[in-house]
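What follows is each chain in one-letter form.
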Amino acid sequence: MEEAENERVLKETLEKELMIGYEIQTTILPRKLPICPGIEMVARYYPAKEVGGDFYDVFLKDHGENQTLFITIADAAGKGISACLYSLCLRSMLRCFYAEHDDLGKIVSRANQLLCLDTENTGMFVTVLTSIYNAKTRTLTYLSAGHNPGYILRRNGSWELLENPGMAMGVVDFPSPKAQTVQLEVGDLVFLYTDGVTETPTPLGELYGEDRLKSFIKKNQDIPVETLADELLKDLVKFSEDTSQFDDITIISFRVI
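The rules behind each value
Residues numbered from 1 in each chain as written. Predicted model: local features only at pLDDT ≥ 70, side-chain atom pairs only at ≥ 80, totals over all residues. Heavy atoms only, no water. Helix = DSSP H or I, 4+ residues; strand = E, 2+ residues; numbered from the N terminus. Rg over C-alpha atoms; globule rule 2.2 N^0.38 Å. Buried < 20%, exposed > 50% of the residue type's maximum accessible area, 1.4 Å probe, protein only. Contact = heavy atoms within 4.5 Å. Pairing = 2+ DSSP bridges. Patch = residues over 30% accessible without salt bridge, like charges linked within 9 Å, V, L, I, M, F, W, Y side chains within 5 Å. Areas by Shrake-Rupley, 256 points an atom, 1.4 Å probe, with all protein chains shown as cover. Salt bridge = Lys/Arg side-chain N within 4 Å of Asp/Glu carboxyl O. Axes fitted to C-alpha atoms, helices over the stretch in contact; angles between N-to-C directions. Parallel < 35°, antiparallel > 145°, perpendicular 65-115°, else oblique. Left-handed = near helix turned anticlockwise from the far one by under 90°. Nonpolar A, V, L, I, M, F, W, Y, C, P; charged D, E, K, R; others polar. Phe/Tyr/Trp six-rings, centres within 6.5 Å; stacked < 30°, edge-to-face > 60°. Arc of directions from axis to C-beta.

Section: the overall build of the protein
A tally of helices and strands in the protein yields 6 helices and 10 strands. The C-alpha atoms of the protein give a radius of gyration of 19 Å, which matches the 18 Å a tight globule of 257 residues would have. Referenced to the eigenvectors of the C-alpha coordinate spread, the extents of the protein come out at roughly 70 × 40 × 30 Å. Within the protein, the proportion of its 257 residues that are buried is 50%. Of the contacts formed within the protein by residues at least 6 apart in sequence, a portion of 73% connects residues at least 24 apart.

Re the pairing of strand β10 (residues 249-256)
With 8 of 8 residues buried, β10 lies mostly within the body of the structure. With burial as the criterion, each face of β10 is covered, one bearing I249, I251, S253 and R255 and the other bearing T250, I252, F254 and V256. Pairing of strand β9 (residues 189-193) with β10, which is carried by 5 bridges, proceeds in the antiparallel orientation. What sits directly across from V190, in β10, is F254.

Description of a nonpolar patch on the surface
A surface patch of nonpolar side chains, about 330 Å² in accessible area, is lined by F125, M167, V171 and V172. Locating V172 in the fold gives a position in the loop between β7 (159-162) and β8 (180-183).

Concerning the packing of helix α5 (residues 209-219) against helix α6 (residues 225-240)
When two helices pack together, their arrangement is given by the angle between their axes and by how far apart the axes lie. Contact geometry of α5 with α6 gives a least axis separation of 11 Å together with a crossing angle of 140 degrees. When the axes of α5 and α6 are compared, the pair comes out oblique. In this structure, the crossing between α5 and α6 has a hand that is right-handed. In this structure, α5 uses R212, L213, F216 and I217 to contact α6, whose residues at the interface are L228, E231, L232, D235 and F239. Its residues assigned to classes, the contact of α5 with α6 shows 6 nonpolar, no polar and 3 charged.

Overview of the packing of aromatic side chains
Taken as a whole, this structure holds 7 aromatic pairs when the rule is applied. Between F59 and Y98 the ring centres are 5.9 Å apart and the planes differ by 80 degrees, which places this aromatic pair in the edge-to-face class. Taken together, the residues span a long stretch of sequence, with F59 in strand β2 (residues 53-63) and Y98 in helix α2 (residues 80-100) at a distance of 39 residues. With centroids separated by 5.2 Å and ring planes inclined at 85 degrees, the aromatic side chains of Y208 and F239 adopt a geometry described as edge-to-face. Highlighted residues: Y208 in the loop between α4 (195-198) and α5 and F239 in helix α6, separated in sequence by 31 residues. Across the pair, F239 and Y208 agree in class, each one buried.

Some remarks on α5
What α5 keeps buried is the set G209, L213, F216 and I217. Seen from one end, α5 has its buried residues packed into an arc of 110 degrees, which puts them on one side. Opposite its buried face, α5 presents the exposed residues D211 and K219, each directed more than 90 degrees away. Looking at the packing, one finds that the buried side of α5 touches β6 (150-153), β7, β9, α4 and α6.

In structure tokens:
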């Protein structure tokens, strides 16, 4: 009876932790995406049963006629409240430095310095793909810190990867990394995601993978981005044959119009 009671208390404690973690996750996500001229955008977050550390953020800085959009997608290592709290901290750091600077490398470097003070000896780290979209020039400046590469599907059907050799944040202090800039044109589609998408498994352990993801995006590149995101989730469920979702799934996509 004592053992059964201990198991009951442990289960209730875990359920409370998962509920708190879920509330933290949903709190840090933008309630409404800002309106940026010249693009249509969607963001989707589908939590797994075990609370993870995925988050995304979209933040508009208004310079009068020159508006820039700060777009971030990230995945903290581990599960539970710990991963959620590190995600919350990093999101706040990035927002603060973006409010002060336009240099993406400096923003990431300074946020990483602070994050490393918290993650020291914990083994915690966060993979991040962050970017600044300039609505006036249609340029996308991006920087990856150990995250899955994002995709640009050009209107003509060609692909470009958003990647550079960066280390995940929270591991060690690093100097300001160099961001890269690409020119976008009307009809180009940008797609960012966390590994919960490509690592969706079948009952036999086969993974959805990047090739299947790119094939799906290309097949549906002309439909509205909100429909694209929702149809992708349906395809993931179909592929997994209703296997329990192991990891959070997070998607940000926008098309230049």
